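As a plain string of letters, each chain reads:
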Protein chains: 2
Amino acid sequence: MPLNQQIFLDNRPSGEATASNFRLVRSETPALQDGQVLVRHHYLSLDPYMRGRMNDTKSYAASQPVGAVFQGGTVGEVVESRNDRYAAGDKVVGFGGWQEYSVVDASVLGALRKVDTTHVPLSYYLGAVGMPGVTAWYGLVKIIAPQQGETVVITAASGAVGSAFGALAKARGCRVVGIAGGPEKCRYAIEELGFDACIDYRANPDVKSMSAALKEACPNGIDGYFENVGGYIFDAVMLRLNAFARVALCGMIAGYDGAPLPLANPALFLINRVKLEGFIVSEHMEFWPQALEELGKLVATGKLKPRESIAQGIAAAPEAFLGLLKGRNFGKQLVKLI
Amino acid sequence: MPLNQQIFLDNRPSGEATASNFRLVRSETPALQDGQVLVRHHYLSLDPYMRGRMNDTKSYAASQPVGAVFQGGTVGEVVESRNDRYAAGDKVVGFGGWQEYSVVDASVLGALRKVDTTHVPLSYYLGAVGMPGVTAWYGLVKIIAPQQGETVVITAASGAVGSAFGALAKARGCRVVGIAGGPEKCRYAIEELGFDACIDYRANPDVKSMSAALKEACPNGIDGYFENVGGYIFDAVMLRLNAFARVALCGMIAGYDGAPLPLANPALFLINRVKLEGFIVSEHMEFWPQALEELGKLVATGKLKPRESIAQGIAAAPEAFLGLLKGRNFGKQLVKLI
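Residues numbered from 1 in each chain as written. Chains lettered and ligands numbered in written order. Predicted model: local features only at pLDDT ≥ 70, side-chain atom pairs only at ≥ 80, totals over all residues.

A. Inspection of the overall build of chain A at higher detail. When you go through chain A residue by residue, the secondary structure sums to nine helices and 16 strands. Its C-alpha radius of gyration of 20 Å places chain A within 12% of the 20 Å reference for a compact globule of 338 residues. Each principal axis of the C-alpha distribution contributes one length, and for chain A these read about 60 × 45 × 35 Å. When the 338 residues of chain A are sorted by exposure, 52% land in the buried category. (Helix = DSSP H or I, 4+ residues; strand = E, 2+ residues; numbered from the N terminus. Rg over C-alpha atoms; globule rule 2.2 N^0.38 Å. Buried ≥ 20, exposed ≤ 12 C-beta atoms within 10 Å, placed from the backbone.)

Set out below in structure tokens:
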């Protein structure tokens, strides 16, 4: 069996996560049992939600265990199979974690899914046509549920969720306004992703200036907001929400390190009769086929042009992940292993 | 025409509202035009939402104008009519404001509603079988939508909204936990209103002790929360919410005076996949008949025993209102005029 390189969570962060929380481990991949397949990973997915799982606090997902492979989504190729439904050469999406190979009991429902790479590159199944894409779809379609002509806003606009959100919202006739870090990401959101406007949060580092920028970019106010950062940006958006606005809440990166992250004026929820809903896309699997179909079509027709930040090699995963938490990625952050 | 005593908003508060914001005015009631009726008010309704309308800030309702009668709900009797659908002696609910008489164009839809006082005392149409009762109904039935056996929590438990909420939730098989100010109100909530438990917020004046008290009163966590106070109580409830909890947000008394009222940890909305909705009951008139019917039956069958705090005479309205904002009332706060 091949040698496997793995990244373990070595210890939990206190405050900010650092590279020393991780450890590189080498091991032999075990021999396959009946029903199992061996998958060679081509790409690892790095996602902001992983930071929350590093803490040992009550959250929606069980904590990532210490001294075990760091968990996460993967795409790859079956290299050996003792399962009738899979053969060597099959391209698959799974949850193999930060390692070069994984042994998967492919008879477990949802553990592995074959994908077609004729029109969609394999890596996109971790981004635009994967979990982040469906996350954007669910928040937009099921929570914000915009009418044509309404204004919707999303943070991390150039990222995996944001870029899918932009394409999905434009397809519904919305005015789509992004928020991103730096002029390059903002330019990309407008020119490549079709956003109507994009606000650079680095140039608007406080509630007052962000609120003014939002007023200019959203002359008719904000009807829907996809929240995945938190902090002062959320406060600024709150000041621009229209009556009966909807807020889909799916991440609060700014708070993962344990820094206090209060919301300045929750009374605005009442004043504007806002509907807010927190969600986790893995709890709504019934909508994935419908969402993935729409996302795949948007990619195939060139209406969704996702961008990827690719780190090379398993050892690069921790630093790439820490960079993602600081917004250093540009588009979907991946680790390429082959 | 009779002499009319009226309370005007004389000037807007800066910070806490005071009696000097109001002014007593005497005037003649004008002669009736065709379609109008003259109503003699028996009771004025005093409600927390009125504090918000004293400010000149953007809110869901237009501000209360300065130099005009203070607006609010009223019940009374038609004493003179130039409208075919009303006759002297009719008991009516309206929005006559803080004055002894009002001239109403009764042809305007919703301006006036005849009520039957055979089984429900007239004053109850301002409380349990009126706007506050329907507020409790909408928040419970349409937003919290509890399953039998779930735990629901409401602040101001002994007040007009809280008492109706308790009866409605018990009728749906919930565990109902109230929060109220002082042992007397808590005893009343349990013994007379049927709450399963009631927490005295005066004995639990910070997040930590309130959170501990909630843990004890809600051994299975909190599935639904009706929020009408805000501040540290909301923070404490947030710590006890179950996954998929619902929060109906209908008032934030603690913030009306302009004091900052942040929410400590909004990330809990995500962690627990909470659904929160702000609402104003007057925007959901289609549910009033259904809600009033259930509330009327609960009163008629003795399952809802609302309590009233009654101030006597128009001149007493401002002080009674300021007391309401500080929780000095016990049950629905009214002003009796005859």
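B. Highlighting the pairing of strand 12 (residues 222–227) of chain B. All names here are of chain B. Most of strand 12 is tucked away, with six of its six residues classed as buried. Examined bridge by bridge, strand 9 (residues 151–155) and strand 12 share three bridges and lie parallel to one another. Within strand 12, the position partnered with Val-152 by the bridge is Gly-224. Inspection of the sheet shows strand 12 paired to strand 13 (residues 241–249) by five bridges, in the parallel sense. By the bridge assignment for strand 13, Ile-222 is matched with Leu-241. Taken together, strand 12, helix 6 (residues 232–238) and strand 13 constitute a β-α-β crossover, and its handedness is right-handed. (Pairing = 2+ DSSP bridges. Right-handed = clockwise from strand over helix to strand, strands pointing away.)

C. Spatial organisation of the packing of helix 2 (residues 131–144) of chain A against helix 8 (residues 288–300) of chain A. All names here are of chain A. It is the contact of helix 2 with helix 8, at a shortest axis distance of 9 Å, that shows an interaxial angle of 105°. Taken together, the axis directions place helix 2 and helix 8 in an arrangement best described as roughly perpendicular. Counting all contacts with helix 2, which are made through Gly-133, Val-134, Trp-137 and Tyr-138, the residues of helix 8 involved are Trp-288, Ala-291, Leu-292, Glu-294 and Leu-295. Looking at the contact of helix 2 with helix 8, its residues break down into seven nonpolar, one polar and one charged. (Axes fitted to C-alpha atoms, helices over the stretch in contact; angles between N-to-C directions. Parallel < 35°, antiparallel > 145°, perpendicular 65-115°, else oblique. Contact = placed C-beta atoms within 7 Å. Nonpolar A, V, L, I, M, F, W, Y, C, P; charged D, E, K, R; others polar.)

D. Broad picture of the packing of helix 2 (residues 131–144) of chain B against helix 3 (residues 160–171) of chain B. Residue and element names in this part refer to chain B. Where helix 2 meets helix 3, the axes come as close as 8 Å, and the angle between the chain directions of the two elements is 50°. The pairing of helix 2 with helix 3 is recorded here as oblique in orientation. Two packed elements cross with a definite hand, and for helix 2 against helix 3 that hand is right-handed. Of helix 3, the residues touching helix 2 (which contributes Pro-132, Gly-133, Thr-135, Ala-136, Trp-137 and Leu-140) are Ala-160, Val-161, Ala-164, Phe-165, Leu-168 and Ala-169. The residue inventory of the contact of helix 2 with helix 3, partitioned by class, reads 10 nonpolar, two polar and no charged. (Left-handed = near helix turned anticlockwise from the far one by under 90°.)

E. Just the relation of the copies chain B and chain A, in detail. Expressed as a screw transformation, the operator carrying chain B onto chain A has a rotation angle of 180° and an axial translation of 0.0 Å, and the superposed copies differ by an RMSD of 0.0 Å. Expressed as an axis order, the relation between the two copies is that of a two-fold axis. Comparing interface residues between copies, 100% of those in chain B also sit at the interface in chain A, which points to an isologous, same-surface contact. (Least-squares fit on C-alpha atoms with pLDDT ≥ 70 in both.)

F. Geometry of helix 3 (residues 160–171) of chain A. Residue and element names in this part refer to chain A. Given a rise of 1.5 Å per residue, 12 residues ought to cover 16 Å, and the 17 Å separating the end C-alpha atoms of helix 3 matches this to within 8%. All buried positions along helix 3 are accounted for by Ala-160, Val-161, Gly-162, Ser-163, Ala-164, Phe-165, Gly-166, Ala-167, Leu-168 and Ala-169. Once helix 3 finishes, Gly-173 follows within two positions and takes phi at roughly 75°, a positive value. (Expected span 1.5 Å × (residues − 1).)

G. Focus on the domain arrangement of chain A. Residue and element names in this part refer to chain A. By domain assignment, chain A separates into domain 1 (3–127 + 307–336) and domain 2 (131–282). Contact residues are listed per partner, giving 15 residues for domain 1 and 16 residues for domain 2. Broken down by element, the residue count for the side of domain 1 that touches domain 2 peaks at three residues, all from helix 1 (residues 49–54). Broken down by class, the residue content of the side of domain 1 that touches domain 2 amounts to five nonpolar, six polar and four charged. (Domains from an automatic or database assignment.)

H. The sheet that holds strand 2 (residues 22–28) of chain B, seen in detail. All names here are of chain B. Read from one edge to the other, the open sheet built from three strands follows the order 2-1-4, with strand pairing classed as antiparallel. Both outer strands of the open sheet, strand 2 and strand 4 (68–69), are each paired with one neighbouring strand and no more. Sheet topology note: the strand 1 (residues 3–9)/strand 2 ladder contains seven bridges and is antiparallel. For Leu-9, the partnering residue across the bridge sits in strand 2 and is Phe-22.

I. Quick peek at the interface of chain B and chain A. Taken together, the contacts link 26 residues of chain B with 27 residues of chain A. When grouped by side-chain class, the residues that make up the side of chain B that touches chain A number 17 nonpolar, six polar and three charged. When strand 14 (residues 275–278) of chain A meets strand 14 (residues 275–278) of chain B, the two strands line up antiparallel, connected through three bridges. When the sheet's bridge partners are listed, Lys-275 of chain A is paired in strand 14 of chain B with Glu-277 of chain B.

J. Examining the sheet that holds strand 9 of chain B more closely. Pairing is mixed in the open sheet, where 12 strands are placed in the order 11(A)-10(A)-9(A)-12(A)-13(A)-14(A)-14(B)-13(B)-12(B)-9(B)-10(B)-11(B). In this open sheet, the two edge strands, each paired with only one partner strand, are strand 11 (197–200) of chain A together with strand 11 (197–200) of chain B. Across the sheet, the mean angle separating the axes of adjacent strands is 15° when strand polarity is ignored. Running over the sheet, helix 3 of chain A touches strand 9 (151–155), strand 10 (175–180) and strand 12 (222–227) of chain A and is turned about 170° from strand 10 of chain A.

K. Main features of the environment of Ala-62 of chain A. Along the chain, Ala-62 of chain A turns up in the loop between helix 1 and strand 4 (68–69). In this structure, the C-alpha to C-alpha distance between Ala-62 of chain A and Gly-52 of chain A, residues 10 residues apart in sequence, is 9.9 Å.

L. Geometry of the nonpolar core. Formed by 222 residues in total, the largest nonpolar core has its most connected members in Ala-164 of chain A together with Ala-164 of chain B. Excluding residues within four positions of it along the chain, Ala-164 of chain B makes contact with Ala-128, Pro-132, Gly-133, Ala-136, Trp-137, Leu-295 and Leu-304 of chain B. (Core = buried A, V, L, I, M, F, W, Y, C linked by C-beta atoms within 7 Å.)

M. A look at the environment of Ala-212 of chain A. Residue and element names in this part refer to chain A. Assignment of secondary structure puts Ala-212 in helix 5 (residues 207–217). The partly exposed category is assigned to Ala-212, around which 15 C-beta atoms lie within 10 Å. The sequence separation of Ala-212 and Asp-116 amounts to 96 residues, and the corresponding C-alpha distance is 45 Å.

N. Quick look at helix 9 (residues 317–325) of chain B. Residue and element names in this part refer to chain B. Every buried residue of helix 9 is listed here: Ala-317, Pro-318, Ala-320, Phe-321 and Leu-324. Looking straight down helix 9, one finds that the buried residues subtend no more than 165° of arc, so they occupy a single side. In this structure, the buried side of helix 9 is in contact with strand 1, strand 2, strand 3 (36–45), helix 1 (49–54), strand 15 (308–312) and strand 16 (332–336). Two residues or fewer after helix 9 comes Gly-327, characterised by a positive phi angle close to 75°. (Arc of directions from axis to C-beta.)

O. Main features of unusual backbone geometry. Of note, the phi angle at Phe-244 of chain A is positive, near 65°, even though the residue is not glycine. Following the sequence through the fold, Phe-244 of chain A ends up in strand 13 (residues 241–249). For Phe-244 of chain A, a count of 13 C-beta atoms within 10 Å translates into the label partly exposed. We note that Ala-145 of chain B has phi near 40°; this positive angle belongs to a residue other than glycine. Turning to its location among the elements, Ala-145 of chain B is positioned in the loop between helix 2 and strand 9. Assessed through the 14 C-beta atoms surrounding it within 10 Å, Ala-145 of chain B is described here as partly exposed.

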